[in-house]
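The residues making up each chain are set out below.
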Amino acid sequence: MDLHGKVAVVTGSGRGLGLGYARALAAAGAAVVVNDVDQHAVDAAVATITAAGGRAAGVVAAVGDSAAAEELVDTAVREFGRLDVLVTNAGILRDRVLWKMTDEDFDDVVRVHLRGTFTCARAAAVRMREQGTGGRLVLISSPAGQRGNFGQTNYAAAKAGVVSMARTWAMELGRAGITVNAVVPVAATEMTKTIPAFAPVIEESERTGSPLPDWLRKDEGLGTVEDVAGLITFLASDASDGVTGQAIGIGGDRLALWAHPKEKAVAFADGGWSADMIAALWQGGVGAEAETYGIPAPQAPVA
């Protein structure tokens, strides 16, 4: 995939998945603006990319405010002349069950994931529309945003909102040639290492250098950061022209297209529905096959 001549901003790219995205884009030829709240992480990421022959600049900023978004776009234009790709990866976690989650826990996560995606995408869209040559917005979501996840009210709500924004912006920006897609990644990171079923397998793979087992790569769709990066590069490229408004999952050996919400079962009653009528019909009618919820617990094969 050839991204020479393109300029990308990747938020939250000092480490983990974000760094993997930035490195992959640079390896394909794009100039990259690296972003993180940690100066050391930004400097190290820029050094890694340039040492490999890529072009990179760094911005230390916490996404959320419009000022940080403008700084990212301005840096891309000042250092490399334009902006073609935005990847909104920055995020934090403040996991707690509903009755223990504080206002600050909720607000902090929504500010980074949801508001940060909004402010950065808005600044990028303004610049891309001014350039008149199209562009790519790649918004990072999560399985938690698709299905919910225990202890993640704030994170799941924000990531669900990210997918909804992708669908909305795909409509609004289509005439400008700007595609917008949400990516639902799963990879072996510091966060997934905390999942009991995953932790020993990931640790053994890292210790020995052996690949992750098939049940993890295929059944759970979990692999390395590098396994996810190819989708980001594809969506940043001209090869993805016409792909927009989608939620696309990737991890390990698995690539998936997530379904958009739609009516599953419908019933009609002349004059409308009373509570008693709904109760009488529910189990054998519209509610006969209720939807599941939550991320399924990982199942390691029995020895």
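This report concerns the structure included in the present document. (Residues numbered from 1 in each chain as written. Predicted model: local features only at pLDDT ≥ 70, side-chain atom pairs only at ≥ 80, totals over all residues. Heavy atoms only, no water.)

**Remarks on the nonpolar core**
- Membership of the largest hydrophobic core comes to 37 residues, with the highest contact counts inside it found for Leu137, Trp169 and Val180.
- For this core, the secondary structure elements donating two or more residues are β1 (7-10), β2 (31-36), β3 (55-60), α3 (66-80), α4 (103-131), β5 (135-140), α6 (153-173) and β6 (178-185).
- With sequence-adjacent residues up to four places away left out, valine 180 is seen in contact with Leu137, Leu139, Ala166, Trp169, Ala170, Leu173, Thr244, Gly245 and Gln246.
- In terms of nonpolar packing, the next biggest core, distinct from the first, is built from 32 residues, Val85, Val87, Ile140 and Ile248 among them. (Core = buried A, V, L, I, M, F, W, Y, C linked by side-chain atoms within 4.5 Å. Buried < 20%, exposed > 50% of the residue type's maximum accessible area, 1.4 Å probe, protein only. Helix = DSSP H or I, 4+ residues; strand = E, 2+ residues; numbered from the N terminus. Contact = heavy atoms within 4.5 Å.)

**Topic: the side chain of serine 240**
- In this structure, serine 240 sits in the loop between α9 (225-236) and β7 (247-251).
- On the basis of relative accessibility, which here comes to 1%, the residue serine 240 falls in the buried class.
- A polar contact is formed between the side chain of serine 240 and the backbone oxygen of leucine 235, at a distance of 3.0 Å.
- Excluding anything up to four places from it in sequence, serine 240 contacts Arg136, Phe234 and Leu235. (Polar contact = N/O pair within 3.5 Å; in protein donor to acceptor, adjacent residues only side chain to side chain.)

**Some words on the sheet that holds strand β8 (residues 254-257)**
- The eight strands lie next to each other as β3-β2-β1-β4-β5-β6-β7-β8, forming an open sheet whose pairing is mixed. With one partner strand each, in any of the chains shown, β3 and β8 form the two edges of the open sheet. Neighbour to neighbour, the strand axes of the sheet diverge by 20 degrees on average, direction disregarded.
- Of the strand pairs in this sheet, β1 and β2 are connected by four bridges, and their pairing is parallel. The residue bridging valine 10 from the neighbouring strand is valine 34, located in β2.
- Lying over the sheet, helix α1 (residues 16-27) contacts β1, β2, β4 (85-88), β5 and β6, oriented at roughly 175 degrees with respect to β1. (Pairing = 2+ DSSP bridges. Axes fitted to C-alpha atoms, helices over the stretch in contact; angles between N-to-C directions.)

**Quick notes on the pairing of β2**
- For β2, a buried count of six out of six residues is recorded, marking the element as mostly surrounded by other parts of the structure.
- Across the two faces of β2 the burial is the same, with Ala31, Val33 and Asn35 and Val32, Val34 and Asp36 all buried.
- Between the parallel pair β1 and β2, the chain is carried across by α1, and the sense of this crossover is right-handed.
- What joins β2 to β3 is helix α2 (residues 39-51), and the crossover it makes is right-handed. (Right-handed = clockwise from strand over helix to strand, strands pointing away.)

**Topic: empty space enclosed by the protein**
- Tallied over the entire structure, the rule returns one cavity of 30 Å³ or more.
- Counted as a void, the largest cavity has a volume near 40 Å³.
- Lining the largest cavity, in full, are Thr11, Val63, Thr88, Asn89, Ala90, Val112, Gly116, Thr117 and Cys120.
- By residue class, the composition of the lining of the largest cavity is four nonpolar, five polar and no charged. (1 Å grid on protein atoms, 1.4 Å probe; cavity = no way out; pocket = protein on both sides within 12 Å on 5 of 7 lines; lining within 4 Å. Points joined across faces, edges and corners; volume = space filled by probe spheres on them. Nonpolar A, V, L, I, M, F, W, Y, C, P; charged D, E, K, R; others polar.)

**Looking at the packing of α3 against α4**
- Between α3 and α4, whose axes approach to 8 Å, the crossing angle comes to 40 degrees. One element, α3, and the other, α4, form an angle in the oblique class. Read as a crossing pair, α3 and α4 show a hand that is right-handed. Note on element contacts: α4 touches α3 through Thr119, Cys120, Arg122, Ala123, Ala124 and Arg127, opposite Ser66, Ala69, Glu70, Leu72, Val73 and Val77. (Parallel < 35°, antiparallel > 145°, perpendicular 65-115°, else oblique. Left-handed = near helix turned anticlockwise from the far one by under 90°.)

**Quick notes on the pattern of salt bridges**
- Inspection of the entire model under this criterion finds 14 salt bridges.
- The partner of arginine 15 in a salt bridge is aspartate 36, with the nearest N and O atoms 3.4 Å apart. Taken as a pair, arginine 15 in the loop between β1 and α1 and aspartate 36 in strand β2 lie far apart in primary sequence, 21 residues in all.
- The class of aspartate 36 is buried, set by a relative accessible area of 7%.
- For aspartate 253, the salt bridge is made with lysine 218, and the minimal N-O distance between the two is 3.0 Å. Placement of aspartate 253 in the loop between β7 and β8 and of lysine 218 in helix α8 (residues 214-219) is noted, with a sequence separation of 35 residues between them.
- Residue aspartate 253 is classed as partly exposed on the basis of its relative accessible area of 40%.
- Among the residues examined, lysine 218 registers a relative accessible area of 43% and is labelled partly exposed.
- The network of salt bridges with common partners includes Asp214, Arg217, Lys218, Asp227 and Asp253. (Salt bridge = Lys/Arg side-chain N within 4 Å of Asp/Glu carboxyl O.)

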